[in-house]
Amino acid sequence: MRFFDHRTAHSRRTGSHIALAIALVTGGAVGAAGFAEPAYAQKKKKKKKDDEEAKPNYTKEFIAVYQPVNELVQSPTPDAAAIKAGIPSVVAAVTNPDERMVAGSLQYTAGQKTSDMALQFAGAAMMLESGKVPPENIGQYNFIAAQLAYQLQNFSDARKYGIAAIDAGYTSNSPEIFVAESFLADNQATQGLEYLSSAIQRRIDNGQEVDESWIKRGLGIAFNANLGPQAAQFGYWFAKQYPSADSWGDAIAVVRNFGDLNAADTLDLIRLTRRTDTFRTRHEFHDYVEAADPRRLPGEVVAVIDQGYGSGLLSKDDLFIADAYTMAKERAESDRRDLASLEADAGAAGAALNIVVAAGDAFLNYDQPAKAERFYTKALGMPGVNAEVVGTRLGIAQFDQGKYAEAQETFAGISGVRKNIARLWATYAEQQDGEAPTAVEADTAVTG
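I will try to describe carefully the structure that is included in this document. (Residues numbered from 1 in each chain as written. Predicted model: local features only at pLDDT ≥ 70, side-chain atom pairs only at ≥ 80, totals over all residues. Heavy atoms only, no water.)

1. Quick word on the pattern of salt bridges
Okay, so step 1: Per the counting criterion, the structure on display carries 23 salt bridges.
Okay, so step 2: Salt-bridge contacts for Arg271 lead to Asp268; the nearest nitrogen and oxygen are separated by 2.7 Å. Of this pair, Arg271 and Asp268 both sit in helix α15 (residues 263-276), 3 residues apart, which is roughly one turn of the helix. Here the two residues Arg271 and Asp268 agree in accessibility, since each one is buried.
Okay, so step 3: With a closest N to O distance of 3.4 Å, Arg393 and Asp361 form a salt bridge. Of this pair, Arg393 sits in helix α21 (residues 387-400) while Asp361 is found in helix α19 (residues 353-365), placing the two residues 32 residues apart along the sequence.
Okay, so step 4: Judged by relative accessible area, Asp361 falls into the buried class, the value being 14%. (Salt bridge = Lys/Arg side-chain N within 4 Å of Asp/Glu carboxyl O. Helix = DSSP H or I, 4+ residues; strand = E, 2+ residues; numbered from the N terminus. Buried < 20%, exposed > 50% of the residue type's maximum accessible area, 1.4 Å probe, protein only.)

Put into C-alpha cells, the structure is as follows:
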C-alpha cells in the first residue's frame, strides 16, 4: 500500500477547515452611523462652591463673530454654504479655552447640520484641545473623535483618539476592537493583532472575561493574513476561553496549517482531534491514517477508522481507507501476540533506546497508556532520546489515564516545533481536570 500526502502545504492552508464562524467575522467592525451626541451639547453647567454657574470667558470680539454664525447653524433651514464660509472666522477669533470649547461645539453641530464629517471631526478635536470637556465626558468625546477620524480614513488620529478614550476609562462599544480595526484599515495587520493581543492578555491577567468576538476577530485576521504565530495564539485563546467543538477544531486546524509539522508531529496533534472528537472532513481521517501507518500503529488505525465510519465522515466505499483498515486489522492480530515479548525486551536493563520507544508507541497504540507511560519515562532517561517527541507522548499516555495534572506538567516541558501542540494538549487536560481557565502568558512563538 502506498502512503502519501494528499495535499501540498499550500493547498492545506488555503483549504483549511476553520469554522465558518471565524471567516464571517473578518469584515470591518466599524459603522458610519450612530455617533453619540457630545454631552456638552446637552448640558454645560459647572457649579462653583456657592452653586452659582461659572461664567465663561468670552471676548467681545469673539462674540461678535460667533453669534451670526451660530444663528445660521441654529436656523430651521441651515444655509450650508454660508455656515462653512463663516466657521473659519470663528476659529480665527478664538483667544482662550472657553472660546475654543464653544467654537468646537459650533463646528461639531455645524458639521451635523451640513452633513460634513470633516467639520464634525474638527469640532470634536477642538473641544478636546480646549481642556474644558467635563472629566466624566472625556472618554466619550475622544471616542466620537476616533469614530469620525476613522470614517475620514484618518486612521492615525482614529488610533490616537481611540486610545485616549480607553485611557479615560471609556468602555462602551468595545474601544479596544476599534483601535485594532484602525490598524487593520491602515494595512497594519501585525500591529493591530499585537494591540488586540495585549488588550486580551490584560483582561485575562485581571481575571476579566474576554469577549468571544475579540478572539474570533483576531483569529480570522491572523489566519487570512497568513500570520501563523498570531493565529496560533488566538486559536489557543479560543479553545481555552470558549471550549467547544468549533473552538477546539479551529485551534487544532491553525496549528496544523501553520506549524510546519512532519508526520510524527501531525500524528500527535491529530490525536488531540480524536480526543476532542472534532474531525470535520474525511481528509483529516486520511491524514491520521497516513501519519499512524497501519503497518506501524495498526490498533490505532483501526480505532480511528471505526470512529470515522461511526461519524459518517468516512464511507466504506473509500478504497484508501478500506485497504488501510484491512491491513491494520491483519497486522494488529499478529502484533498483539508479540506484545509480551516486546514488553520483556524493553524492560530489560540493557534495552536499546529504539526498543524502549517502540514499546511505548505500541502500548499507546493498543490503548494501554499505563504501560506506555512506563516505557516513555524510561526512554526519557536514556542518551540520544528525542525528548520533545517522547515527552509529548508521555503526556498523552498520562492524559489517557486521567492523570491530568501530571500531563499538564509534562506538556509544559515541551518546546520547539511541538510547543503549540503541547500547549493545546495541556489546555485540554486542564479542562478535563475541571479547573477554571487561568491567566496565561502571551507567548505567540511558533518555531520550526
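This is not the end of the story, as more comes after the structure.
2. Regarding unusual backbone geometry
Trans is the prevailing form of peptide bonds, just as negative phi is the prevailing case for residues other than glycine.
Okay, so step 1: With phi around 60°, Asn226 is a residue other than glycine that occupies positive phi space.
Okay, so step 2: Topologically, Asn226 is positioned in the loop between α12 (212-224) and α13 (228-241).
Okay, so step 3: Phi at Asp367 takes a positive value of approximately 60°, unusual for a residue other than glycine.
Okay, so step 4: Topologically, Asp367 is positioned in the loop between α19 and α20 (369-380).
Okay, so step 5: Taking relative accessible area as the criterion, Asp367 reaches 59% and is therefore assigned exposed.

3. A few points about the nonpolar core
Okay, so step 1: Ranked by size, the top nonpolar core spans 65 residues in total, and within it Ile200, Phe234 and Leu424 carry the most contacts.
Okay, so step 2: Sequence-distant contacts of Phe234, that is, excluding residues within four places in its chain, are made with Leu193, Leu196, Ser197, Ile200, Trp214, Ile215, Gly218 and Leu219.
Okay, so step 3: Within the second largest apolar cluster, 22 residues are counted, among which are Ala125, Leu128, Tyr141 and Ala145. (Core = buried A, V, L, I, M, F, W, Y, C linked by side-chain atoms within 4.5 Å. Contact = heavy atoms within 4.5 Å.)

4. Let's talk about the packing of helix α10 (residues 175-185) against helix α11 (residues 189-205)
Okay, so step 1: Contact geometry for α10 and α11: axes closest at 7 Å, N-to-C directions at 165°. Taken together, α10 and α11 sit at an angle that is classed as roughly antiparallel. Every pair of crossing elements has a handedness; the one defined by α10 and α11 is left-handed. On the side of α10, the interface is formed by Glu176, Ile177, Val179, Ala180, Phe183 and Leu184, while α11 contributes Ala189, Gln191, Gly192, Tyr195, Leu196, Ala199 and Arg203.
Okay, so step 2: Looking at the contact of α10 with α11 residue by residue, the classes come out as 9 nonpolar, 2 polar and 2 charged. (Axes fitted to C-alpha atoms, helices over the stretch in contact; angles between N-to-C directions. Parallel < 35°, antiparallel > 145°, perpendicular 65-115°, else oblique. Left-handed = near helix turned anticlockwise from the far one by under 90°. Nonpolar A, V, L, I, M, F, W, Y, C, P; charged D, E, K, R; others polar.)

Remember, this is a structural readout, not a statement about activity or role.
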